[in-house]
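Chain by chain, the residues run as shown.
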Amino acid sequence: MFKKFFKYTPTHQEQQFIDIVDKLLAHPKTSLRMTPLTDKYFLINEQKHYYVLLKENGIQITNSKFSFAKSLHEKAYDTIIKNIHTHMEENRQILEDKLFKNETDTLDAVLNSL
């Protein structure tokens, strides 16, 4: 009950940042980099010319015409990072499935030959 009462609702601008990151993550030409030692996240979309840096509860969005940096509420930042981690896990699973498909096919052949 208390969680529902005290649930954080992002501001309009924070929601815009969340939506921008989500759209970039969904775009096939966006690459995602993470630096584990400094805990920075980079979203790079050369096709659309957008670059996003996330670090220390802050976000910076840049392209050839502007650069915009803003501190975010911890909950809004955590939402963005959670979305990034979810995206990374989904891509990891797809990659694992591709990498180990040959092994699975081989094992299926062995099973079918018995």
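For the structure, check the block above.
Residues numbered from 1 in each chain as written. Predicted model: local features only at pLDDT ≥ 70, side-chain atom pairs only at ≥ 80, totals over all residues. Heavy atoms only, no water.

**A look at unusual backbone geometry**
Negative phi values dominate among residues other than glycine, just as trans dominates among peptide bonds. Not every positive phi belongs to a glycine, and His 49 is a case in point at roughly 65°. Considering the arrangement of structural elements, one finds His 49 in the loop between strand 2 (40-45) and strand 3 (50-55). With a relative accessible area of 43%, His 49 lands in the partly exposed category. A positive phi angle is found at Asn 57, which is not glycine, with a value near 60°. Note on placement: Asn 57 falls in the loop between strand 3 and strand 4 (58-62). Using a relative accessible area of 27% as the deciding quantity, one classes Asn 57 as partly exposed. (Helix = DSSP H or I, 4+ residues; strand = E, 2+ residues; numbered from the N terminus. Buried < 20%, exposed > 50% of the residue type's maximum accessible area, 1.4 Å probe, protein only.)

**Structural notes on the pattern of salt bridges**
Summed over the entire model, instances satisfying the criterion amount to 3 salt bridges. The closest approach of N and O atoms between Asp 105 and Lys 101, which form a salt bridge, is 3.2 Å. Of this pair, Asp 105 and Lys 101 both sit in helix 4 (residues 101-113), 4 residues apart, roughly one helical turn. With a relative accessible area of 37%, Asp 105 lands in the partly exposed category. Counted as one network, the salt bridges with shared partners bring together Glu 89, Arg 92 and Glu 96. (Salt bridge = Lys/Arg side-chain N within 4 Å of Asp/Glu carboxyl O.)

**A word on the pairing of strand 1 (residues 30-35)**
Inspection of the sheet shows strand 1 paired to strand 2 by 6 bridges, in the antiparallel sense. In the strand pairing of strand 2, Thr 35 is matched with Lys 40. Connecting the antiparallel pair strand 1 and strand 2 is a turn made up of 4 residues, with Asp 39 showing a positive phi of about 55°. (Pairing = 2+ DSSP bridges.)

**Overview of helix 3 (residues 74-99)**
In a regular helix each residue adds 1.5 Å, so 26 residues correspond to 38 Å; helix 3 covers 37 Å between its end C-alpha atoms and thus fits that length. Every buried residue of helix 3 is accounted for by Ala 76, Tyr 77, Ile 80, Ile 81, Ile 84 and His 87. Looking at the buried residues of helix 3, the elements they touch are helix 2 (12-26), strand 1, strand 2, strand 3 and strand 4. (Expected span 1.5 Å × (residues − 1). Contact = heavy atoms within 4.5 Å.)

**With respect to the sheet that holds strand 3**
With antiparallel pairing, the 5 strands of this open sheet are ordered in space as 1-2-3-4-5. The sheet terminates laterally at strand 1 and strand 5 (67-71), the two strands that pair on one side only. Strand-to-strand twist in this sheet, taken as the mean axis angle between neighbours without regard to direction, amounts to 10°. Sheet topology note: the strand 2/strand 3 ladder contains 5 bridges and is antiparallel. (Axes fitted to C-alpha atoms, helices over the stretch in contact; angles between N-to-C directions.)

**Here we look at helix 2**
Its 15 residues give helix 2 an end-to-end C-alpha distance of 21 Å, which sits within 8% of 21 Å, the value for a rise of 1.5 Å per residue. For helix 2, the complete set of buried residues consists of Glu 14, Phe 17, Ile 18, Val 21, Leu 24 and Leu 25. Buried residues of helix 2 fall within an arc of 130° about the axis and therefore sit on the same side. Relative to its buried face, helix 2 has exposed residues pointing more than 90 degrees away, namely His 12, Lys 23 and Ala 26. (Arc of directions from axis to C-beta.)

Any link to function would need more than the numbers given here.
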